[in-house]
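Below are the chains, spelled out letter by letter.
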Amino acid sequence: MTNATLESIALNIATVRARMVAAAAQAGRDPAGIRLLAVSKAQPVAAIEAACEAGQMEYGENYLQEALPKLDALRRRQELAWHFIGSLQGNKTRTVAERFAWVHTVDRERIARRLHEHRPPALPPLNVCIEVRLSDEPNKSGIPPEEAAALAQRISAMPRLRLRGLMTIPPPAKDADAQRLPFRRLGKLFDSLNAQGYTLDTLSMGMSGDFAAAIAEGATLVRVGTAIFGRRAQEHS
Ligand SMILES: *Cc1c(COP(=O)(O)O)cnc(C)c1O
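Residues numbered from 1 in each chain as written. Predicted model: local features only at pLDDT ≥ 70, side-chain atom pairs only at ≥ 80, totals over all residues. Heavy atoms only, no water.

Chemist: Could you clarify how one ought to interpret the site of the ligand in this entry?
Modeler: Around the ligand, a shell composed of 13 residues is seen, among which Lys 41, Asn 62, Ser 208, Gly 225 and Thr 226 lie nearest. A distance of 2.5 Å separates an oxygen atom of the ligand from a polar atom in the side chain of Ser 208. Between the ligand and Arg 223, the relevant distance is 2.9 Å, taken from a nitrogen atom to a side-chain nitrogen or oxygen of the residue. Expressed as a share of its isolated accessible area of 390 Å², the protein-covered part of the ligand is 89%. Structurally, the ligand is housed in the largest pocket. Among the residues making up the shell around the ligand, the classes are represented as six nonpolar, four polar and three charged. (Near = heavy atom within 4 Å. Polar contact = N/O pair within 3.5 Å; in protein donor to acceptor, adjacent residues only side chain to side chain. Areas by Shrake-Rupley, 256 points an atom, 1.4 Å probe, with all protein chains shown as cover. 1 Å grid on protein atoms, 1.4 Å probe; cavity = no way out; pocket = protein on both sides within 12 Å on 5 of 7 lines; lining within 4 Å. Sits in = over half its atoms within 2 Å of the grid points. Nonpolar A, V, L, I, M, F, W, Y, C, P; charged D, E, K, R; others polar.)

Chemist: I tried to follow unusual backbone geometry on my own but got confused; where do I start?
Modeler: What you tend to see is this: most non-glycine residues have negative phi, and most peptide bonds are trans. Of note in this structure, Ala 42 is not a glycine but carries a positive phi near 65°. Tracing the backbone through its elements, the reader meets Ala 42 in the loop between β1 (35–39) and α2 (45–53). Exposure remark for Ala 42: the relative accessible area of 22% places this residue in the partly exposed category. (Helix = DSSP H or I, 4+ residues; strand = E, 2+ residues; numbered from the N terminus. Buried < 20%, exposed > 50% of the residue type's maximum accessible area, 1.4 Å probe, protein only.)

Written as C-alpha cells, this is what we have:
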C-alpha cells in the first residue's frame, strides 16, 4: 500500500464516524450506542495498523486462512477485538473459538455447539450473533427469521457462548427506503426476542453502502470495509 492510501484510512474512518453520528442524530438516537466494525478482509496488516493509529479497535475478518497471519502479526495489540464475520464450516470452529472474540455468522445449532465445545475455558464466553436470512435468495447463509427463536434458546443453554444479538446481510436495494425494509424486519425480530426474555444488545447490520439506513432502523454495530479501506483488489476463500 502506498503512504497516500494509508493516510486516507484515518480520514475515511473520521468520515464514516461523522456519517454514523449524522444518521444517529436523524433517527434521534445516541451515537454512543453504535459501534463501528472495520472489515479488514483482503487488507494487509499495514492498513489495519493505520486504522489502529486512528483509534479503530474492532476488526472483522471473513476468511480464516487469511486472518490468522494478521492476528499473529498484531498480537501485541491486545486491545483489539477480532470478529469473525465469514461463513463458518465445522472444521474451522476450533480455531475461530480460540482466536476470535465474536462470531456474527452462527446460523445452525451444530456450529454453535462446536464453538461452545472449542471455546477455551481460560477465555471469556465467545460473543455470538445469529445470522438471519431475510430474503429467499438460494444459497445464501443465515437462518429463516421464524427459526431464530429456537436457535436462540439452544445457544442460551451453552455457557461458553454469550448470545449478543442478530446479524443480517440483505440483498442490494434500489434506494434508501428499500434498504430500510430488511433492517426494520431484523429490528422487529430483535425486539420480539427481547420481549421473550432475552437480553440481546447487538443488531449487526449495515455495510458501506447502507449503514445509514441500518442506523435508522436500530443498528448497534455497522460492518464497514470499502468506505474505510477502499476497494478490495481481490478476495480469497
Ligand atoms: C465484506 C463484508 C462487509 C463489508 O462490506 P463493505 O461493502 O466493503 O463495507 C460487511 N459484512 C460482511 C459480512 C462482509 O462480508
